[in-house]
Amino acid sequence: MGSLFNQFTPPTLFGIPLVIIAMLFPWLLPLSPSNRWISNRLVTVQSLFLNAFTAHILTPMNKPAHKWALLIVTVMVFLLGMNLMGLLPYTFTPTTQLPLNLGLAIPLWLATVIVGFRNQFSASLAHFLPEGTPTLLIPILIIIETISLLIRPIALGVRLMANLTAGHLLIQLISAATMFMISFSTVVSLISFAVLILLTILEIAVAMIQAYVFVLLFSLYLHENS
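Residues numbered from 1 in each chain as written. Predicted model: local features only at pLDDT ≥ 70, side-chain atom pairs only at ≥ 80, totals over all residues. Heavy atoms only, no water.

Participant: How would you sum up the overall build of the protein chain? Please name residues and give values.
Facilitator: Helix and strand counts for the protein chain stand at eight helices and two strands. Helices (α) and strands (β) of the protein chain occur, in sequence order from the N terminus, as β-β-α-α-α-α-α-α-α-α. Rg of the C-alpha trace for the protein chain: 22 Å, well past the compact-globule value of 17 Å for 226 residues, more than 25% over. C-alpha extents for the protein chain along the principal axes are approximately 70 × 60 × 40 Å. For the protein chain, with 226 residues in total, the buried portion stands at 32%. Long-range contacts, defined here as pairs at least 24 residues apart, represent 73% of the contacts in the protein chain between residues at least 6 apart. Counting only carbon and sulfur atoms, one obtains 76% of the accessible surface of the protein chain, whose full area is about 14100 Å². With 7 positive and 4 negative side-chain charges, the protein chain shows a separation of 21 Å between the mean positions of the two kinds. (Helix = DSSP H or I, 4+ residues; strand = E, 2+ residues; numbered from the N terminus. Rg over C-alpha atoms; globule rule 2.2 N^0.38 Å. Buried < 20%, exposed > 50% of the residue type's maximum accessible area, 1.4 Å probe, protein only. Contact = heavy atoms within 4.5 Å. Areas by Shrake-Rupley, 256 points an atom, 1.4 Å probe, with all protein chains shown as cover. Lys, Arg positive; Asp, Glu negative; His and termini not counted. Charge placed at Lys NZ, Arg CZ, Asp CG, Glu CD.)

So this is what it looks like as structure tokens:
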């Protein structure tokens, strides 16, 4: 069972952690915008995707939150690149590590909280105690609302890690079963291989969706506090 989780161990070479390379390599994939009037198809598709995503994520948000557009799109591209690159053979997925996810989620969440207390201090405090609360329930509600506020970055990091980890474990289990069944039954091996292909397609969708969900929840927190 321990060998199943070896893929989530950060690789090292001569004592140097290679997770830094895994985090920096996706930044080489986005194409630089061209100064020409007519750019190539890849740059055009990339620009259309970024513009559509920016318009989609900023539509429900108020005007003060629009200044965060560059940060939101950057986080989306960063997570999307790491999630998709981690599906390639013999690669490492940094987003399966909880410290990395929390290191990304906590500063973003804390920034939204600071913005909320700076711009609307009274309204931010009012979330901890709804109007008309009975006197006996006041301490309990304050504790519950405080816990729900503090658990947000943990939920962001754990959700991203758990979904990607579960998908990678399923892919490894089914691929190992496919190789094991070749010598016993070709038909069963082909069926499991077909399931593996479908699961891989599903994992590609999950990698995209989880990056989008992370950014969407961050934008909702930002909209709530701005």
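Participant: Just give me the short version of the packing of aromatic side chains, but keep the residues and values in it.
Facilitator: Counted by the stated rule, this structure contains five aromatic pairs. Here the aromatic rings of Phe 180 and Phe 184 are separated by 5.1 Å at their centres, their planes lie at 40 degrees, and the arrangement is tilted. Taking the relative accessible area as the measure of exposure, Phe 180 reaches 53% and is therefore exposed. The class of Phe 184 is exposed, set by a relative accessible area of 60%. Counting every residue linked through ring pairs, the aromatic cluster contains Phe 49, Phe 53 and Tyr 212. (Phe/Tyr/Trp six-rings, centres within 6.5 Å; stacked < 30°, edge-to-face > 60°.)

Participant: Tell me about the side chain of Thr 96, and name the residues and values.
Facilitator: Counting through the fold element by element, Thr 96 comes out in the loop between α3 (69-85) and α4 (98-119). Among the polar contacts listed, one links the side chain of Thr 96 to the backbone oxygen of Thr 93, at a separation of 2.6 Å. (Polar contact = N/O pair within 3.5 Å; in protein donor to acceptor, adjacent residues only side chain to side chain.)

Participant: Please give an account of the UniProt feature "transmembrane region" (unreviewed entry) in the protein chain that cites residues and values.
Facilitator: The sites that UniProt annotates as "transmembrane region" (unreviewed entry) are residues 12-30, 42-62, 68-88, 100-117, 137-158, 170-198 and 204-222. Secondary structure content for residues 12-30 is 32% helix and 21% strand, while the C-alpha to C-alpha distance between its ends is 26 Å. For residues 137-158, the helix share is 91%, the strand share is 0%, and the end-to-end C-alpha distance is 30 Å. (UniProt positions renumbered as here; feature names shortened; annotations may be inferred.)

Participant: Quick rundown of α3? Include the residues and the values.
Facilitator: The end-to-end C-alpha separation of α3 is 24 Å, in line with the 24 Å expected for 17 residues at 1.5 Å each. With 12 of its 17 residues buried, α3 lies for the most part within the structure. Three or more residues of α3 are buried, namely Ala 69, Ile 72, Val 73, Val 75, Met 76, Phe 78, Leu 79, Leu 80, Gly 81, Met 82, Asn 83 and Met 85. Contact partners of the buried residues in α3: α1 (19-24), α2 (41-58), α4, α7 (152-181) and α8 (186-225). (Expected span 1.5 Å × (residues − 1).)

Participant: Give me the lowdown on the environment of Gly 167, citing residues and values where you can.
Facilitator: The residue Gly 167 is located in helix α7 in this model. Residue classification places Gly 167 among the buried positions, given a relative accessible area of 3%. A sequence separation of 35 residues divides Gly 167 from Leu 202, and the C-alpha atoms of the two residues are 8.7 Å apart.

Participant: Run through the pattern of salt bridges, naming residues and quoting values.
Facilitator: Scanning the model with the defined rule gives one salt bridge in all. Glu 224 is paired through a salt bridge with Arg 152; the nearest N and O atoms lie 3.2 Å apart. Residue Glu 224 is found in helix α8, and its partner Arg 152 is found in helix α7; the two are separated by 72 residues along the sequence. (Salt bridge = Lys/Arg side-chain N within 4 Å of Asp/Glu carboxyl O.)

Participant: Describe the nonpolar core, and please don't skip the residues or the numbers.
Facilitator: In terms of nonpolar packing, the biggest core is built from 28 residues, with Phe 53, Ile 72, Leu 79 and Phe 214 touching the most fellow members. Counting residues per element, this core draws most heavily on α3, at nine residues. For Ile 72, the residues in contact, after removing those within four places along its chain, are Phe 53, Ile 57, Leu 58, Met 61, Val 215, Phe 218, Ser 219 and Leu 222. (Core = buried A, V, L, I, M, F, W, Y, C linked by side-chain atoms within 4.5 Å.)

Participant: Talk me through the packing of α4 against α7; I want residue IDs and the actual numbers.
Facilitator: Two numbers describe how α4 lies on α7: the axes approach to 8 Å, and their chain directions differ by 145 degrees. Classified by chirality, the crossing of α7 by α4 is right-handed. Two secondary-structure elements touch here, α4 through Leu 98, Asn 101, Leu 102, Ala 105, Ile 106 and Trp 109 and α7 through Arg 152, Pro 153, Ile 154, Leu 156, Gly 157, Val 158, Leu 160 and Met 161. When the residues that make up the contact of α4 with α7 are grouped by side-chain class, the tally is 11 nonpolar, two polar and one charged. (Axes fitted to C-alpha atoms, helices over the stretch in contact; angles between N-to-C directions. Left-handed = near helix turned anticlockwise from the far one by under 90°. Nonpolar A, V, L, I, M, F, W, Y, C, P; charged D, E, K, R; others polar.)

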